[in-house]
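# Observations on the model geometry
So you can see what is in the structure, the chains are spelled out below.
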Amino acid sequence: MLRYVGINTNRRPKTPPSITGTIRISTSESEPKLQYHGGRRRLPILFALIFVMIAAVACVNDLTPEGGWSGPVVEDEKLFIGNRDGNLVRFDPETQNLDSSWRYPDGDGLGAMYSNTVVIGDKIYGVGYTCRGDKCDGEIFGLSLSDGSSIWGLHGLELKTKLVGSVAASGDTLFVGTTAIGDEDDGAEGYLYALDSSAGASRIEKYRVPLDGNAFSGVTIEGSTAYIATMAGSLYAIDISDSEFATPEARIKWTFEAEGAIAGPILVASGNLYFGDLASNAYKLGISTRLISSSRTEVNTGSGEWKFDAGAWVWAKPIIEDGTVYVSALDGSISAVDDSSGIAKWTTTIEGQIVSSPALFDRKRGNITERALAVPSGEKNVWVISVIDGRELGVFLTDEPVKSTPLVHNGNLYVHTLNGDLKWFSVDNTSQIGCVELKGGGRCD
Amino acid sequence: MEIFGILWLEVIMRPMINSLALLYQLLFSNFGLSIIVFTVLIRLAMIPLTVRQTRQMKKMQTIQPKLKAIQDKYKGKKGDARRQMSSETMGLYKDAGVSPVGCLGPMIIQMPIWIGFYRAILRTMPSTPEGMANLSDLFYSWNPAIAGVPFNSQFLGLSLVDLVSAAVLPWNYALPVLVGASMFLQQKMTTNPTSDPRQKQTNQMMLWMMPIMFGAFTWQFPAGLAVYILFSNAIGVVIQYYVGGKQPVELFGRSFLGTDASRAERAEQVAAEAAGSNAKTPPPSSEESDEDDQSTEILGKDSRRSNRNRARRTGRRTRRRRNKGS
């Protein structure tokens, strides 16, 4: 089920060949403009039509994940970004170049990366996957921050599944959410895997907890509890302590059934959980309330929990600051919701989907500093929105869709655009400073 | 080009996706049933096109000998003769009430529907995160099914989004065979008998090649699309049976279905075909009159009218010749 990876080349599916051709229209006076020759000519026309149909169908491939949702993560003044091919690359803001000696994997990428990498100590962890038809290959990687070498030998840990959400770690144990595994047929649509990330581990898989749906949300850890959600709409609180449990299922402390599928990540802050679902809701659940609450489907408003109608699917992780929760939805709306009451202070809308969380930053204009949200748009650009009233304050012109969370670092805003570039801007005047292609490292200014 | 993209999205994709999702909601959260019911609705909506296509094909079939005669008449000639041939060909089409692309027209119209339906199935049950996120843009805001995403893709032990090749036994083999067989049957019912050996060869090739090709392609289709094609073919067979006048279907040398009258009529046709193929160069007049008789039965009102007109013209020409002679 879970094993060390050998050398696995050619992970990316081949691009379907393009189909070209010409049509000749006779304009000669001596020839009739349109002739029909019955069945003899009908045959090739029919076959041509069938091939056009098949080509049209095949050229639009919905089965191959594309990724490009992985945002930059900063550590030791270096940026780590999962590019669209599924390679993790390192960018040096000082030299404004990709570090050619630091790249994982060296050759073909893992396919698609949808979540940010996670830095724990001197290691960086992440996931990527690709699918050929309905056969998926996922890899969990753990790398040394200094040289990019895999902590598990040659490569990472391979699972025949889709790995979408980000990993989390507690001590030497790494937690990752999956979809169903390869040809396994035990009824589980997803799992929470607990993996031993220590270099000399004799057995990698510690345990796995079956889930009722695909886990796209990633894992969030608070104390000795891991929180993970599924596309079946369930939120799980799972005990990850070292205690002995009769079965992996016995680790489940409680579950909550949302109205819709939970696709996005879960935020844990001040003893509360914040997340959205695909029934257009955002939720705040109290961790302590849930431990004593008997209802698996109702929010306990008397204990400070709430459910907010966002008006559209909520995929991006909510963010919270100073008693305000910012909920972004796929219709481009952003709502500032009062954390205690669950009532919207303001709502504004940008063009395009908001798939990843906005970033909070200080926007300086002369002597005035204003707190603002940098909101990535799935159509194009990163919009600057005032946290006070939702006013549009400006725009970082990426001219490309953005489905990753921007990073604000040292007065610059770094954005991984969906076409595979890293662009950075001045947060003060929103002007572009530079651009580098994350695939090859070439400049795209 | 953008306008085509918008039209494609708003006229085909979004209505299809929302209908599929709504049917899913109404049909006990069963996507297989949703696909089947939607296929029935699409085929019913396309009945006028199917009828038109069937009539056009039959009309085209009946004028083949005349068309061939015209082509033979001008074989090897150039210049004005070619123009004359073109004019005669067009005249023939006009008289018979046939559009030269009439047979292909309805098929071309159906193509976007087929492609759209395939795309709709995949987009309604996306397998990638971006596919899922993009789905939110495709739903109408009033559609109650929007909160039910992702839809359950299981149907009779089959995952409708997965490729047929990855399906469990016996589906992985049964579906391509069923698709091929249903297509063969439909093809068999739409192929008109002919005495032209070349046409016969073409028909035979199409009869076998199309089902084999589609059967093979089905192996790499998502199972949902295979279910759609299978039911579309099955419904097509039923429609064809009634539109084609309940003609008997001949398989492996035996006749199935059909009424007593249609069986008798078919037996006559077979006898006529046999006679036609025995006579190497049948007299044009008798062939023509046979054709006219046959076409009058098959073609319906329009063609009968054009045949009457032709008869009147022939009568006028004969009278003129007689007058000149006298």
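It should be emphasised that the depicted structure is a prediction, and the values quoted were computed from it without experimental measurement.

Okay, the overall build of chain B next. A count of helical and extended segments in chain B gives 13 helices and four strands. Each of the 326 residues in chain B was classed as buried or not, and the buried ones make up 47%. A separation of at least 24 residues holds for 70% of the contacts in chain B among residues at least 6 apart in sequence. Here chain B has roughly 16900 Å² of accessible surface; of this, 61% comes from carbon and sulfur atoms.

Turning our eyes to something else, we now look at the pattern of salt bridges. Residue and element names in this part refer to chain A. Inspection of every chain in the model, using the stated rule, returns 17 salt bridges over all chains. Here Asp-137 makes a salt bridge to Lys-160, at a shortest N to O gap of 2.8 Å. Of this pair, Asp-137 sits in strand S8 (residues 135-144) while Lys-160 sits in the loop between strand S9 (157-159) and strand S10 (168-170), placing them 23 residues apart in sequence. One salt-bridge network, held together by shared partners, links Glu-321, Asp-362 and Arg-371.

Before going further, it helps to spend a moment on the pairing of strand S15 (residues 225-229) of chain A. All names here are of chain A. For S15, the buried fraction is high: five of the five residues fall into the buried class. Neither face of S15 is left uncovered, since the one carrying Thr-225, Tyr-227 and Ala-229 and the one carrying Ala-226 and Ile-228 both have all their residues buried. Strand direction decides the pairing type here: strand S14 (residues 219-222) and S15, joined by four bridges, are antiparallel. Of the residues in S15, the one forming a bridge with Val-219 is Ile-228. The antiparallel pairing of S14 with S15 creates a hairpin that spans two residues between the two strands, and Gly-223 there sits at a positive phi of about 65 degrees. Taking the residues between adjacent antiparallel strands as the criterion, S15 and strand S16 (residues 234-239) are bridged by four residues, where Gly-233 takes a positive phi near 95 degrees.

Turning our eyes to something else, we now look at the state of the cysteines. Residues and elements named next belong to chain A. Counted under the stated rule, the structure contains two disulfides over all chains. A sulfur-sulfur separation of 1.9 Å characterises the disulfide bridge that pairs Cys-435 with Cys-444. Looking along the S-S bond of the Cys-435-Cys-444 disulfide, the torsion reads about -85 degrees, which is the left-handed sense. With relative accessibility at 0%, the residue Cys-435 sits in the buried group. Taken N- to C-terminal, the disulfide-bonded cysteines of chain A are connected 1-2, 3-4.

Turning next to a nonpolar patch on the surface. Residue and element names in this part refer to chain B. There is a patch of nonpolar side chains on the surface, built from Ile-3, Phe-4, Leu-7 and Val-11 and spanning about 420 Å² of accessible area. Tracing the backbone shows Ile-3 in helix H1 (residues 2-26). The class of Ile-3 is exposed, set by a relative accessible area of 53%.

To continue, consider the sheet that holds strand S5 (residues 97-104) of chain A. Residues and elements named next belong to chain A. The antiparallel open sheet is built from four strands, whose spatial order is S2-S3-S4-S5. Taken across any chain shown, the strands that pair with only one partner, and hence form the sheet edges, are strand S2 (73-75) and S5. With strand direction ignored, the average angle separating the axes of adjacent strands in the sheet is 30 degrees. The pairing of strand S4 (residues 88-92) with S5 spans four bridges and is classified as antiparallel. Directly across from Phe-91, in S5, lies its bridge partner Leu-98.

Take the side chain of Arg-43 of chain B next. Residue and element names in this part refer to chain B. Relative to the assigned elements, Arg-43 resides in helix H2 (residues 31-45). The exposure class assigned to Arg-43 is buried, which follows from its relative accessible area of 4%. For Arg-43, the side chain forms a polar contact with the side chain of Ser-232, separated by 3.0 Å. Residues in contact with Arg-43, not counting those within four places in the same chain, are Thr-50, Gln-186, Ser-232, Ile-235, Gly-236 and Ile-239.

Residue and element names in this part refer to chain A. Relative to the assigned elements, His-409 resides in strand S30 (residues 407-409). The class of His-409 is buried, set by a relative accessible area of 12%. Looking at His-409, its side chain comes within polar contact range of the side chain of Asn-410, at 3.2 Å. Residues within four places of His-409 in sequence aside, it is in contact with Val-74, Glu-77, Leu-79 and Tyr-414.

For any pair of aromatic rings, geometry is given as the distance between the ring centres together with the angle between the planes. Overall, the coordinates contain 30 aromatic pairs over all chains when judged by the stated rule. An angle of 65 degrees between the planes, with centres 6.3 Å apart, marks the rings of Phe-91 of chain A and Tyr-414 of chain A as edge-to-face. Taken as a pair, Phe-91 of chain A in strand S4 and Tyr-414 of chain A in strand S31 (residues 412-416) lie far apart in primary sequence, 323 residues in all. Take Phe-91 of chain A and Tyr-414 of chain A: they sit in the same class, and that class is buried. Here the aromatic rings of Tyr-118 of chain B and Phe-221 of chain B are separated by 6.3 Å at their centres, their planes lie at 50 degrees, and the arrangement is tilted. One end of the pair, Tyr-118 of chain B, is in helix H6 (residues 104-124); the other, Phe-221 of chain B, is in the loop between helix H9 (197-218) and helix H10 (223-243), with 103 residues separating them in the sequence. For the pair Tyr-118 of chain B and Phe-221 of chain B, a shared accessibility class is recorded, and that class is buried. Taken together, the ring pairs connect Trp-313 of chain A together with Tyr-24, Phe-31, Phe-139 and Phe-151 of chain B into an aromatic cluster. Across from the ring centre of Tyr-191 of chain A, 3.9 Å away, lies the NZ or CZ of Arg-208 of chain A, which sits over that ring. Geometry around Tyr-207 of chain A places Arg-251 of chain A over its ring, the cationic atom sitting 3.8 Å from the centre.

Turning our attention to helix H4 (residues 64-73) of chain B. Of the residues making up H4 of chain B, those classed as buried are Gln-64, Lys-66, Leu-67, Ile-70 and Gln-71 of chain B. All buried residues of H4 of chain B lie within an arc of 165 degrees about the axis, which places them on one face of the element.

Moving on to the confidence of the model for chain A. Confidence in the prediction for chain A averages 87 pLDDT; 85% of positions are at 70 or higher. Between residues 1-40 of chain A, whose pLDDT stays under 50, and residues either more than four places distant or in other chains, the model counts 81 contacts.

With that settled, the discussion passes to the packing of H1 of chain B against helix H7 (residues 129-138) of chain B. Residues and elements named next belong to chain B. Across the interface, H1 lies against H7 with an axial gap of 10 Å and an inter-helix angle of 105 degrees. In terms of orientation, H1 lies roughly perpendicular with respect to H7. In this structure, H1 contributes Leu-9, Arg-14, Ile-17 and Asn-18 to the contact, and H7 contributes Leu-135, Asp-137 and Leu-138.

In a soluble, globular protein the nonpolar side chains are often hidden away together inside. By size, the foremost hydrophobic cluster in this structure holds 65 residues, and its most contacted members are Leu-278 and Trp-315 of chain A together with Ile-35, Phe-117 and Phe-151 of chain B. Listing elements by their share of this core, those giving two or more residues are strand S7 (123-132) of chain A together with H1, H2, H6, H7, helix H8 (171-190) and H10 of chain B. In terms of residues, this core owes the most to one element, H1 of chain B, which gives eight residues. Not counting the four nearest positions on each side in its chain, Phe-151 of chain B is found in contact with Ala-21, Tyr-24, Phe-31, Thr-124, Met-125, Phe-139 and Ala-145 of chain B. Judged by nonpolar contacts, the second largest core, of 17 residues, contains Val-127, Ile-151, Ala-188 and Ile-204 of chain A.

Residue and element names in this part refer to chain B. Interaxial distance between H4 and helix H5 (residues 80-96) falls to 10 Å at its minimum, and their mutual angle equals 175 degrees. Taken together, the axes of H4 and H5 are roughly antiparallel relative to one another. Contacts between H4 and H5 involve Lys-66, Leu-67, Ile-70, Gln-71 and Lys-73 from the former and Met-85, Glu-88, Thr-89, Leu-92 and Tyr-93 from the latter. Looking at the contact of H4 with H5, its residues break down into five nonpolar, two polar and three charged.

Across a sheet, paired strands are connected by hydrogen bonds in the backbone, their directions being either parallel or antiparallel. Residue and element names in this part refer to chain A. Pairing is antiparallel across the open sheet formed by four strands, whose spatial order is S22-S23-S24-S25. Each having just a single partner strand, strand S22 (319-321) and strand S25 (344-349) make up the two edges of the open sheet. Taken over all neighbouring pairs, the strand axes of this sheet differ in orientation by 20 degrees on average, direction set aside. Of the pairings in the sheet, the one linking S22 to strand S23 (residues 324-328) comprises three bridges and is antiparallel in character. Bridging across to S23, Ile-319 finds its partner in Tyr-326.

Cut-offs applied
- Residues numbered from 1 in each chain as written.
- Chains lettered and ligands numbered in written order.
- Predicted model: local features only at pLDDT ≥ 70, side-chain atom pairs only at ≥ 80, totals over all residues.
- Heavy atoms only, no water.
- Helix = DSSP H or I, 4+ residues; strand = E, 2+ residues; numbered from the N terminus.
- Buried < 20%, exposed > 50% of the residue type's maximum accessible area, 1.4 Å probe, protein only.
- Contact = heavy atoms within 4.5 Å.
- Areas by Shrake-Rupley, 256 points an atom, 1.4 Å probe, with all protein chains shown as cover.
- Salt bridge = Lys/Arg side-chain N within 4 Å of Asp/Glu carboxyl O.
- Pairing = 2+ DSSP bridges.
- Disulfide = S-S within 2.5 Å.
- Patch = residues over 30% accessible without salt bridge, like charges linked within 9 Å, V, L, I, M, F, W, Y side chains within 5 Å.
- Axes fitted to C-alpha atoms, helices over the stretch in contact; angles between N-to-C directions.
- Polar contact = N/O pair within 3.5 Å; in protein donor to acceptor, adjacent residues only side chain to side chain.
- Phe/Tyr/Trp six-rings, centres within 6.5 Å; stacked < 30°, edge-to-face > 60°.
- Lys NZ or Arg CZ within 6 Å of the ring centre and 35° of its normal.
- Arc of directions from axis to C-beta.
- pLDDT = per-residue confidence, 0-100.
- Parallel < 35°, antiparallel > 145°, perpendicular 65-115°, else oblique.
- Core = buried A, V, L, I, M, F, W, Y, C linked by side-chain atoms within 4.5 Å.
- Nonpolar A, V, L, I, M, F, W, Y, C, P; charged D, E, K, R; others polar.

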